[in-house]
Amino acid sequence: ELNSSMIVPSDLKIFTFAKAAKHWLEYKSFTSPSGRARFVSPRSLIDLTQYVGTLNKVFGEMQLGNIHAGHIRQYQLDRAAGKLYDKGREVGPNKINQEVGTLIRILKYANLWTSELEQIYMPLQREESDIPKALSPSEQNHWLTVARSRPEWAFVYWYSLLGVDVPLSTNEARGLRLGAIDL
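Moving on to the packing of helix α2 (residues 42-59) against helix α3 (residues 69-80). At their nearest, the axes of α2 and α3 sit 11 Å apart, and the two run at 110° to each other. Classified by the angle between their axes, α2 and α3 sit roughly perpendicular to one another. Seen along the crossing, α2 lies across α3 with a hand that is right-handed. Contacts between α2 and α3 involve Thr54, Leu55, Val58 and Phe59 on the former and, on the latter, His71, Tyr75 and Arg79.

Time to look at the side chain of asparagine 97. Of note, asparagine 97 is situated in helix α4 (residues 93-109). The class for asparagine 97 is buried, based on a relative accessible area of 14%.

Below, the discussion takes up the packing of aromatic side chains. The final tally for this structure, using the stated rule, is seven aromatic pairs. Between phenylalanine 59 and tyrosine 75 the ring centres are 5.6 Å apart and the planes differ by 35°, which places this aromatic pair in the tilted class. Of the two residues, phenylalanine 59 sits in helix α2 while tyrosine 75 sits in helix α3, which places them 16 residues apart along the sequence. For tyrosine 75, a relative accessible area of 2% corresponds to the buried category. Considering the side-chain rings of phenylalanine 155 and tyrosine 159, the 5.8 Å spacing of their centres and the 20° angle between planes classify their relative orientation as stacked. Of this pair, phenylalanine 155 and tyrosine 159 both sit in helix α7 (residues 154-165), four residues apart, roughly one helical turn. Judged by relative accessible area, which is 65%, phenylalanine 155 ranks as exposed. Residue tyrosine 159 is classed as partly exposed on the basis of its relative accessible area, which comes to 36%. An aromatic cluster is built from Phe17, Phe59 and Tyr75, whose rings are joined through pairwise contacts. One Lys or Arg, lysine 19, reaches over the ring of phenylalanine 15 and ends 4.6 Å from the middle of that ring. Arginine 150 extends its terminal NZ or CZ atom over the ring of tryptophan 153, reaching a point 4.8 Å from the ring centre.

A few words now on helix α1 (residues 17-28). Between the first and last C-alpha of α1 there are 16 Å, a value that for twelve residues agrees with the 16 Å anticipated at 1.5 Å per step. Within α1, burial applies to Phe17, Ala20, Ala21, His23, Trp24, Leu25 and Lys28. Each element contacted by the buried residues of α1 is listed here: α2 and α4.

Attention now moves to the confidence of the model for the protein. Confidence in the prediction of the protein, expressed as mean pLDDT, is 87, and 94% of residues score 70 or more. The spread of mean pLDDT over the elements of the protein runs between helix α8 (residues 170-175), the lowest at 79, and α4, the highest at 96.

Now for the side chain of aspartate 78. Mapped onto the elements of the fold, aspartate 78 is located in helix α3. Within the buried set, aspartate 78 has no salt-bridge partner at all; the shortest N-O distance to an opposite charge, 4.1 Å, is to lysine 83. Beyond its immediate stretch of four places on either side in the chain, aspartate 78 contacts Lys83 and Leu84.

Scoring rules and cut-offs
- Residues numbered from 1 in each chain as written.
- Predicted model: local features only at pLDDT ≥ 70, side-chain atom pairs only at ≥ 80, totals over all residues.
- Heavy atoms only, no water.
- Axes fitted to C-alpha atoms, helices over the stretch in contact; angles between N-to-C directions.
- Helix = DSSP H or I, 4+ residues; strand = E, 2+ residues; numbered from the N terminus.
- Parallel < 35°, antiparallel > 145°, perpendicular 65-115°, else oblique.
- Left-handed = near helix turned anticlockwise from the far one by under 90°.
- Contact = heavy atoms within 4.5 Å.
- Buried < 20%, exposed > 50% of the residue type's maximum accessible area, 1.4 Å probe, protein only.
- Phe/Tyr/Trp six-rings, centres within 6.5 Å; stacked < 30°, edge-to-face > 60°.
- Lys NZ or Arg CZ within 6 Å of the ring centre and 35° of its normal.
- Expected span 1.5 Å × (residues − 1).
- pLDDT = per-residue confidence, 0-100.
- Lys, Arg positive; Asp, Glu negative; His and termini not counted.
- Salt bridge = Lys/Arg side-chain N within 4 Å of Asp/Glu carboxyl O.

Here you go:
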């Protein structure tokens, strides 16, 4: 087994995807002894490891240099149809794009992502979340101005002001009592 730090990225083309991905994750997981310098956050590393695990189910034993656009397209189709798991669980386009994005990053690291692949590859259309985005500061000011404009909306104003200015969870805000507030 070669020392991971001694492997030249362009040599990864002869490795299986699983071995190349393992090397790439080791490279990405660098953290200085003080813990202050790193390539990616611990949370990102967990996500990348999960994506690699999913990709390994299809590409694991395939030589990295042999992966082409047809394989990527088939992965997108099979993953969207739930064919890659025993449970037949479908996943959304955002997750598939994240997984394929990880594959692309590994191919780029190994100098295998070509301009031809770049032209052919089409990510799936992103799916917007059902959770609405947060209000911008100007939208927050407008909301508070309107809520403050009528006496019967006072509760909404004070509750909204609390939500904007104090980092409380929904449950903490609901359970808040006047005796707990120290001005």
